Amino acid sequence: MSRIEIIQGDITKQAVDAIVNAANTSLLGGGGVDGAIHRAAGPELLAECRTLHGCRTGEAKLTKGYCLPARYVIHTPGPVWHSGDRGEEALLASCYRSCLTLAAEHGCETVDFPSISTGVYHFPLEKASRIAIATIADFLAEHPEIKRVRMVCFDARTKAYYDEALEELT
Ligand code: APR
């Protein structure tokens, strides 16, 4: 599906309508991509996040992008991987769907995602990539208003899994 692209890069550098932040339920920042986004956006992002009073795993909340080239940041806490029997897969799919729903509601045509939950939260990359691509593809089939979704992978190993997941889809 040409409306889904996989690139390697730094999501904080992407000039798109919305970038997604792999946050935690406090929405008060952290390490990984969360830390990078807050550093690049500046302190006003945290100030707005403080007004949101957290976010449940699998749900999403939108803020402005401030100093980022992206217009909005959509924050979503992904599931921590335990052993796959705590609904982790459904929660990860819900992250992607919740973010895209918010993006569509705010008129976003271009949305960039990091690989949610596959860092500190230890979600297995192969499973996560298949869930992400399938969920994005299903959503785009119903929402022509979103023109392009990209997975912005920070390293080549992660990108390879998402490339494979996309090839399996087509
Ligand atoms: N651009 C794109 N992807 C990035 C960037 C970046 N600048 N920095 C890191 N990543 C990638 C990681 O390499 C990984 O593939 O984002 C993916 C998600 O990893 P994490 O950031 O660790 O996120 P996650 O596994 O969802 O864990 C979330 O980590 O940082 C804390 O506050 C956050 O508690 C939350 C937890």
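Bear in mind that the values here come from a model prediction, so they are computed numbers and not experimental data.

Conventions used here
Residues numbered from 1 in each chain as written. Predicted model: local features only at pLDDT ≥ 70, side-chain atom pairs only at ≥ 80, totals over all residues. Heavy atoms only, no water. Helix = DSSP H or I, 4+ residues; strand = E, 2+ residues; numbered from the N terminus. Phe/Tyr/Trp six-rings, centres within 6.5 Å; stacked < 30°, edge-to-face > 60°. Buried < 20%, exposed > 50% of the residue type's maximum accessible area, 1.4 Å probe, protein only. Near = heavy atom within 4 Å. Polar contact = N/O pair within 3.5 Å; in protein donor to acceptor, adjacent residues only side chain to side chain. Areas by Shrake-Rupley, 256 points an atom, 1.4 Å probe, with all protein chains shown as cover. Arc of directions from axis to C-beta. Contact = heavy atoms within 4.5 Å.

Enquirer: Can you walk me through the environment of Thr-57 in this structure?
Expert: Note that Thr-57 resides in the loop between helix 2 (43–50) and strand 3 (61–64). In this structure the C-alpha to C-alpha distance between Thr-57 and Pro-124, which are 67 residues apart in sequence, comes to 17 Å.

Enquirer: Is there a simple way to think about the packing of aromatic side chains in this case?
Expert: Considering all chains together, one arrives at two aromatic pairs under this definition. With a centroid separation of 4.8 Å and an interplanar angle of 45°, the aromatic rings of Tyr-96 and Phe-113 are classed as tilted. Taken together, the residues span a long stretch of sequence, with Tyr-96 in helix 3 (residues 88–105) and Phe-113 in strand 5 (residues 110–113) at a distance of 17 residues. Pair check on accessibility: Tyr-96 and Phe-113 agree, each one buried.

Enquirer: Any chance you could explain the site of the ligand here in plain terms?
Expert: Within the structure, the ligand sits among 21 residues, and Asn-24, Gly-31, Val-33, Asp-34 and Gly-119 are positioned closest to it. Within the backbone of Val-33, one N or O atom sits 2.8 Å away from an oxygen atom of the ligand. In this structure, Gly-119 approaches the ligand through a main-chain N or O atom, which is 2.8 Å from an oxygen atom. Protein chains shield 90% of the accessible area of the ligand, which is 700 Å² for the free molecule. Those elements that provide at least two residues to the shell around the ligand are strand 2 (18–23) and helix 1 (32–41). Among the elements that line the shell around the ligand, the one with the most residues is helix 1, at four residues.

Enquirer: Looking at this structure, I do not really get helix 1. What am I missing?
Expert: One turn of the α-helix equals 3.6 residues, which is why residues spaced by three or four share an orientation. Asp-34, Gly-35, Ile-37, His-38 and Ala-41 are the residues of helix 1 that are buried. The arc that holds every buried residue of helix 1, seen down its axis, measures 165°, which confines them to one face. Opposite the buried face of helix 1, at more than 90 degrees from it, the exposed residues are Gly-32 and Arg-39. Among the structural elements, strand 2, helix 2 and strand 4 (72–77) are those in contact with the buried residues of helix 1. One or two steps after helix 1, the chain reaches Gly-42, where phi turns positive at roughly 95°.

So far we have only geometry, and geometry alone does not tell us how the molecule works.
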